[in-house]
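This is what each chain is made of:
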Amino acid sequence: MERLHARCGRHRRPRRARALLALTVLASTLAACGGDDDGSRPTLNWYNFPDDSGALQEAADRCSRESGGRYRIEYNKLPRAADGQRQQMVRRLAAEDDSLDILGLDVTWAAEFAEARWIKEWTGENKRRASEGTLDVPLQTATWKGKLYAVPYNTNIQLLWYRRDLVPKPPTTWAEMLDMSRDLARQGKPHYVEIQGAQYEGLTVWFNSLVNSAGGSILNPSATEPSLGPPAVRAASIMRDLARSPAADPSLPNQMEDQNRLAMESGVAAFEINYPFVYPSMRSNNPTLFKDFRWAVYPRVDADRPSRPTIGGIDLAVSAYSRHPDLAFDAALCLRDRENQLGAALKGGLPPTLRSLYDEPEFMKEYPFSKEVLASLESASVRPLTPAYQNVSIAVSHTLSPPSGIRPDSDVSTIREQIDKALRSEGVIP
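Asks: Help me out: how do you make sense of helix α10 (residues 201–213) in this one?
Replies: Each α-helix winds once per 3.6 residues, and so residues spaced three or four apart point in a common direction. Along its 13 residues, α10 runs 18 Å from first to last C-alpha, staying within 8% of the 18 Å computed at 1.5 Å per residue. Along α10, 12 of the 13 residues are buried, which leaves the element largely enclosed by surrounding structure. Considered for burial, the residues of α10 that qualify are G202, L203, T204, V205, W206, F207, N208, S209, L210, V211, N212 and S213. At its buried positions, α10 is contacted by α9 (174–186), α11 (230–243), α19 (389–399) and α20 (408–424). A positive backbone phi angle near 95° is found at G215, which sits one or two residues after α10.

And the structure:
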């Protein structure tokens, strides 16, 4: 009782009045602080990444209005960094915190959360509605052991961005891009290939995209042991070759997506591998260079084999400890419906997971590269689906950093050994 008063404020009353009204105070306090709106309409807590565009808050408000009084969605912002987001949710779910209802999961977390039994499976009509019209590869990120554990909310994919004034025709392969970079360097022109080379998740994404584009994978189909093999050696070789060539920005070992964006906007680069957020940024920050800023699909490893860039995005899951799971499933479906996905795409720059939106005139106008995004999503790869993904990613990014020091054969062997140990370990990664 004292704790509840401390949280919601206290007004002193005569002792007899407090005794007579004790039950009333307790009931009203629980209604105000326990997640229900006006004591009758449940509040569903949605935890997701912090959105600065306002699109997520608008989605929560719209779905609350359209629920017919059945619920109200409260949008709670997680830490900005993905590691902080995961850490907060892991700790609270491990404590069986029932104040979490809808969870915005990075596409690499579904397997871990499902294996720990922290999230509910999507079945029956909910599964049908979640799958209907949704792109296949995003659905893979929400699936574990053949069961659906989340609904794809948004997605993301890298494209090749280039300067048309330097390169009239974009390269189709990594080898062709490096040749173009060397030629521009000899002419004394901007020639860097901006890509994520720091020791973090972005380096793992680069490796995963190359391995899959070379016809391989990091894990076997059942996610029970590492696969790797010659495609992984090929991928590591491409990373090393770029890092040791004129194409490499001197800051490559420390660069993440935003540093790549800034370097491209400054005019020192000819190419950039990055997500669509760079397009509106270039338009705002360097209008002159924006006139020659163009895009193409992710480069191929082999000319006769399509590239398979790594998919990103957020999936919405329902907490196993939610006090209102049925309402949470319904609310999650509303949050990612056509109108809200379109709003998130136009305001927040988040590519949708619903296939029909790629034919929407309003979306196509805002995303002139929508055709390339869709083609990339339809051939995309996913990061290894395993509860041990965090350890797998660390094994890759630590072994391959810095890219200039990569020893393809021995480093792939090291990654294989470390992943094998990670897959055989027990428990959830802290």
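Asks: Teacher, can you tell me more about the layout of surface pockets here?
Replies: Empty space among the atoms becomes visible once a probe the size of a water molecule is rolled across them. In this structure, the largest pocket spans a volume of roughly 1600 Å³. What lines the largest pocket is a set of 46 residues, among which R80, A82, Q85, D106 and E257 lie closest to the centre. Secondary structure elements with two or more residues in the lining of the largest pocket: α5 (82–94), β7 (151–156), α10, α12 (257–266), β12 (312–318), α16 (338–348) and α19. With 7 residues, α19 is the single largest residue contributor to the lining of the largest pocket. Of the residues assigned to the lining of the largest pocket, the class counts are 17 nonpolar, 18 polar and 11 charged.

Asks: Got a minute to help me understand the pattern of salt bridges in this structure?
Replies: When charged atoms on two side chains of opposite charge get close, those side chains can pair. Evaluated as defined, the whole model comprises 30 salt bridges. For R62, the salt bridge goes to E66, with nearest N and O atoms at 3.3 Å. You can call E66 exposed: its relative accessible area is 51%. Here R92 and D97 are joined by a salt bridge, their closest N and O atoms 2.9 Å apart. Three or more residues joined by partner-sharing salt bridges are found here, namely R62, E66, D337 and E339.

Asks: Teacher, can you tell me more about the state of the cysteines here?
Replies: In protein chemistry, a disulfide is the covalent bond that joins the sulfur atoms of two cysteines. The final tally for this structure, using the stated rule, is 1 disulfide. Two residues, C63 and C334, share a disulfide whose sulfurs are 2.1 Å apart. The disulfide joining C63 to C334 has a torsion of about -95° about its S-S bond and is therefore left-handed. Of this pair, C63 sits in helix α4 (residues 55–65) while C334 sits in helix α15 (residues 325–335), and the two are 271 residues apart along the sequence. We classify C63 as buried; its relative accessible area is 0%.

Asks: Help me out: how do you make sense of empty space enclosed by the protein in this one?
Replies: Tallied over the full model, the rule gives 1 cavity of 30 Å³ or more. Approximately 70 Å³ is the volume found for the largest cavity. Together, V107, T108, W109, A110, A111, T141, V382, R383, P384, L385 and T386 line the largest cavity. In the lining of the largest cavity, the residues fall into 7 nonpolar, 3 polar and 1 charged.

Asks: Which parts of the structure should I look at to understand the pairing of strand β3 (residues 72–77)?
Replies: Remember that side chains alternate between the two faces of the sheet whenever the strand is regular. Judged from the 6 bridges that link them, strand β2 (residues 41–48) and β3 form a sheet pairing that is parallel. Following the sheet pairing, N48 is matched in β3 by K77. For the handedness criterion, the β-α-β arrangement of β2, α4 and β3 is classed as right-handed.

Asks: What is the right way to look at the nonpolar core in this model?
Replies: Soluble, globular proteins show a tendency: their nonpolar side chains are buried together. Among the nonpolar cores identified, the biggest contains 50 residues, and W46, M89, F113, W122 and L316 are the most heavily contacted of them. Looking at this core element by element, the count peaks at 8 residues for α15. Once you skip the residues sitting within four places of it in the chain, W122 turns out to touch K127, A130, L148, Y149, A150, V151, L316, V318, F329, A332 and L333. One finds V167, L210, V211 and L400 within the second-largest nonpolar core, a separate group that totals 48 residues.

Asks: Would you take a moment to explain the packing of aromatic side chains for this structure?
Replies: This structure, assessed with the given rule, holds 18 aromatic pairs. Plain terms: the ring middles of W295 and F369 are 5.7 Å apart, the flat faces sit at 75° to each other, and that makes the pair edge-to-face. In this pair, W295 sits in strand β11 (residues 293–296) while F369 sits in the loop between α17 (361–366) and α18 (370–378), placing the two residues 74 residues apart along the sequence. These aromatic residues form a ring-pair network of at least three members: W161, Y279, F290, F293, W295, Y358, F363, Y367 and F369.

Asks: Just to check I follow, could you spell out the pairing of β2 for this structure?
Replies: Counting buried positions over the 8 residues of β2 gives 7, a clear majority of the element. In the sheet, β2 pairs with strand β4 (residues 102–106) via 2 bridges, with the strands oriented parallel. Paired with W46 across the bridge in β4 is I102.

Asks: Explain the environment of D249 here, please?
Replies: Along the chain, D249 falls in the loop between α11 and α12. The spacing of D249 and G197 is 52 residues in sequence and 9.7 Å in space, taken between C-alpha atoms. Apart from residues lying up to four places away in sequence, D249 is in contact with Y192, E194, Q255 and A263. Within the structure, the side chain of D249 is placed 3.5 Å from the side chain of Q255, a separation counted as a polar contact.

Asks: Looking at this structure, I do not really get the sheet that holds β11. What am I missing?
Replies: In a beta sheet, neighbouring strands pair by backbone hydrogen bonds and run either parallel or antiparallel. On the basis of which strands lie adjacent, the open sheet formed by 4 strands has the order β9-β10-β8-β11 and mixed pairing. Strand pairing shows two members of the sheet lacking a second neighbour, β9 (192–194) and β11, which therefore form its edges. On average, each strand axis in the sheet is tilted by 20° relative to the strand beside it, whichever way the strands run. On top of the sheet, α12 reaches β8 (159–163), β9, β10 (269–274) and β11; it is set at about 155° to β10, its chief contact. Lying on the sheet, helix α13 (residues 278–285) is in contact with β8, β10 and β11; it crosses β11 at an angle near 170°.

Quick notes on the rules
- Residues numbered from 1 in each chain as written.
- Predicted model: local features only at pLDDT ≥ 70, side-chain atom pairs only at ≥ 80, totals over all residues.
- Heavy atoms only, no water.
- Helix = DSSP H or I, 4+ residues; strand = E, 2+ residues; numbered from the N terminus.
- Expected span 1.5 Å × (residues − 1).
- Buried < 20%, exposed > 50% of the residue type's maximum accessible area, 1.4 Å probe, protein only.
- Contact = heavy atoms within 4.5 Å.
- 1 Å grid on protein atoms, 1.4 Å probe; cavity = no way out; pocket = protein on both sides within 12 Å on 5 of 7 lines; lining within 4 Å.
- Points joined across faces, edges and corners; volume = space filled by probe spheres on them.
- Nonpolar A, V, L, I, M, F, W, Y, C, P; charged D, E, K, R; others polar.
- Salt bridge = Lys/Arg side-chain N within 4 Å of Asp/Glu carboxyl O.
- Disulfide = S-S within 2.5 Å.
- Pairing = 2+ DSSP bridges.
- Right-handed = clockwise from strand over helix to strand, strands pointing away.
- Core = buried A, V, L, I, M, F, W, Y, C linked by side-chain atoms within 4.5 Å.
- Phe/Tyr/Trp six-rings, centres within 6.5 Å; stacked < 30°, edge-to-face > 60°.
- Polar contact = N/O pair within 3.5 Å; in protein donor to acceptor, adjacent residues only side chain to side chain.
- Axes fitted to C-alpha atoms, helices over the stretch in contact; angles between N-to-C directions.

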